[in-house]
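Coordinate inspection notes
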Amino acid sequence: MTTALALFSGGLDSILACRVIMAQGIRVVALRFLTPFFDSDVAGQVAQYRNSVMAKYGIEVEVVDVSQSYITMLEHPAHGYGKHFNPCIDCKIFMLQQARQLMPRYGADFLVTGEVLGQRPMSQRRDTLHVIERDSGCAGILLRPLSAHLLPPTQAEEKGFVERDRLLHISGRGRREQKALAREFGIHDYPTPAGGCKLADVNLTQRFKRFSPGIFATSQKEILVQDFRLLLIGRTFEPLPGYIFVVGRNEEDNLLLEKMKMPGDRLYCMVERSGPLGLLRRRDGAIQESAMLINIGRLDTLLAGIIIRYGKKVDGKAVASLVHIEDETGSHEATYQPLAEELVRQYLV
């Protein structure tokens, strides 16, 4: 049986690309790639997600976590970044390379994407589509069924795997044709277009750019993914060069930070009143290595003061509070003063 691997974002275009090929009697395995910057919410519910996609769209999905490899690519994208920290062209090249490497596992004959000519100004121009196909090593084996009639025939068409006259000629940023096609397939419940990549978020971009040089310099590469995930939570501070201090905004953030604690991290929380959890991490995960170079007591005073600033107030004011501090060597409690607002802003990223 002819088999195709498809890049699957879960958006309407990727859904339709799969269904157009499936309509020709071809098995399609949709690949949902996960990184810290997009689709990471699927990681904790893979089976549920796969069942949901099958029930809604009749599409077979495989979830693949490519976080570490993706971060390596992100360090030096050959085609540069977009407006923020988003390497859109290199991102698509990377995904296709990953899919191409998986072709033997699934016995796939060609690759499929839901790209639409002219839909995105950076990554879906005609010349860019050619660059992506060439640099990913997918020349000839990559089929874009939604815009196929506007592009040269692929091997899948030339070898008779698919009938070219049953493919489409959609272009531009409008979605009228996609919505009509969805109705033909009986698809009514699909996501609305949205920028789901956190690398294009203007606020998060400042954090990524601020800390990524230090993160990439680490020798312990296995914690890189966790470092980036940490930057996605709560409020981020830089108390010292190379140090990340993250303060939860709500209970959900606090629970996440507690789960993300790693050896070498240091946790801070108020004891007598409710407030945020704070997690301190040196970029290589080993605060103790630099303990001789910093005054830990002074650092604790600073970070406890930040915690108190965002904790529950007394008569509308932040006042001195008992703070619990712990790491893998033990824990202690002491009373600290809230940090002045101007100093909090000084360290906020």
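This structure is a prediction, so every number in the text was calculated from the model and none was measured.

For the rest of this paragraph, the subject is the packing of helix α3 (residues 67-75) against helix α4 (residues 88-106). With their axes 11 Å apart at the nearest point, α3 and α4 run at an angle of 145 degrees to one another. In terms of crossing hand, the pair formed by α3 and α4 is right-handed. Only Asp-90, Cys-91, Phe-94 and Met-95 of α4 make contact with α3, whose side of the interface consists of Ser-69, Tyr-70 and Met-73. When the residues that make up the contact of α3 with α4 are grouped by side-chain class, the tally is five nonpolar, one polar and one charged.

Contact pair helix α1 (residues 12-22) / helix α7 (residues 176-184): the axes reach a minimum separation of 10 Å and the direction vectors enclose 50 degrees. As the angle between them shows, α1 and α7 are arranged oblique. Seen from above, α1 lies across α7 with left-handed handedness. Along its contact with α1, which presents Leu-12, Asp-13, Leu-16 and Val-20, the element α7 presents Gln-178, Lys-179, Leu-181 and Ala-182. Split into classes, the residues belonging to the contact of α1 with α7 amount to five nonpolar, one polar and two charged.

On inspection of all chains with the given rule, the structure shows 17 salt bridges. We note a salt bridge from Glu-115 to Arg-144, for which the minimum N-O separation is 2.7 Å. Of the two residues, Glu-115 sits in the loop between β4 (110-112) and α5 (126-135) while Arg-144 sits in the loop between β5 (142-143) and α6 (155-158), which places them 29 residues apart along the sequence. Residue classification places Glu-115 among the buried residues on the basis of a relative accessible area of 2%. Relative accessible area serves as the criterion here: at 5%, Arg-144 is assigned to the buried category. The residue Arg-134 makes a salt bridge to Asp-135 at a minimum N-O spacing of 2.7 Å. One network of salt bridges, in which partners are shared, links Lys-92, Glu-115, Glu-133 and Arg-144.

Quick look at the environment of His-188 now. Looking at the element boundaries, His-188 is found in the loop between α7 and α8 (202-216). Sequence spacing of His-188 and His-130 is 58 residues, and the spatial spacing of their C-alpha atoms is 32 Å.

Further remarks concern the confidence of the model for the protein. Averaged over the protein, the pLDDT score is 89; the fraction of residues at 70 or greater is 91%. Confidence drops under a pLDDT of 50 for residues 217-222, and excluding neighbours within four residues, the segment shows seven contacts in the predicted structure.

Of the volumes computed, that of the second largest pocket is approximately 410 Å³. Lining of the second largest pocket is provided by 15 residues; of these, Ser-40, Arg-229, Ile-233, Leu-256 and Met-260 occupy positions nearest its centre. Secondary structure elements with two or more residues in the lining of the second largest pocket: α9 (224-230) and α10 (251-260). Split by residue class, the lining of the second largest pocket holds seven nonpolar, two polar and six charged.

Take the environment of Leu-150 next. As for its placement among the helices and strands, Leu-150 is situated in the loop between β5 and α6. Taking the C-alpha atoms as reference, Leu-150 lies 8.2 Å from Ser-171; in sequence the two are 21 residues apart. Once residues within four sequence positions are removed from consideration, Leu-150 is found in contact with Leu-117, Arg-126, His-169, Ile-170 and Ser-171.

If you walk across this open sheet you meet the five strands as β3-β2-β1-β4-β5, and the pairing is parallel. The open sheet has two free edges, formed respectively by β3 (60-65) and β5, since each of these has just one partner strand. Where strand β1 (residues 3-7) meets strand β2 (residues 27-34), five bridges bridge the pair, whose relative direction is parallel. Counted as the bridge partner of Leu-7 is Leu-31 from β2.

Criteria and thresholds
- Residues numbered from 1 in each chain as written.
- Predicted model: local features only at pLDDT ≥ 70, side-chain atom pairs only at ≥ 80, totals over all residues.
- Heavy atoms only, no water.
- Axes fitted to C-alpha atoms, helices over the stretch in contact; angles between N-to-C directions.
- Helix = DSSP H or I, 4+ residues; strand = E, 2+ residues; numbered from the N terminus.
- Left-handed = near helix turned anticlockwise from the far one by under 90°.
- Contact = heavy atoms within 4.5 Å.
- Nonpolar A, V, L, I, M, F, W, Y, C, P; charged D, E, K, R; others polar.
- Parallel < 35°, antiparallel > 145°, perpendicular 65-115°, else oblique.
- Salt bridge = Lys/Arg side-chain N within 4 Å of Asp/Glu carboxyl O.
- Buried < 20%, exposed > 50% of the residue type's maximum accessible area, 1.4 Å probe, protein only.
- pLDDT = per-residue confidence, 0-100.
- 1 Å grid on protein atoms, 1.4 Å probe; cavity = no way out; pocket = protein on both sides within 12 Å on 5 of 7 lines; lining within 4 Å.
- Points joined across faces, edges and corners; volume = space filled by probe spheres on them.
- Pairing = 2+ DSSP bridges.

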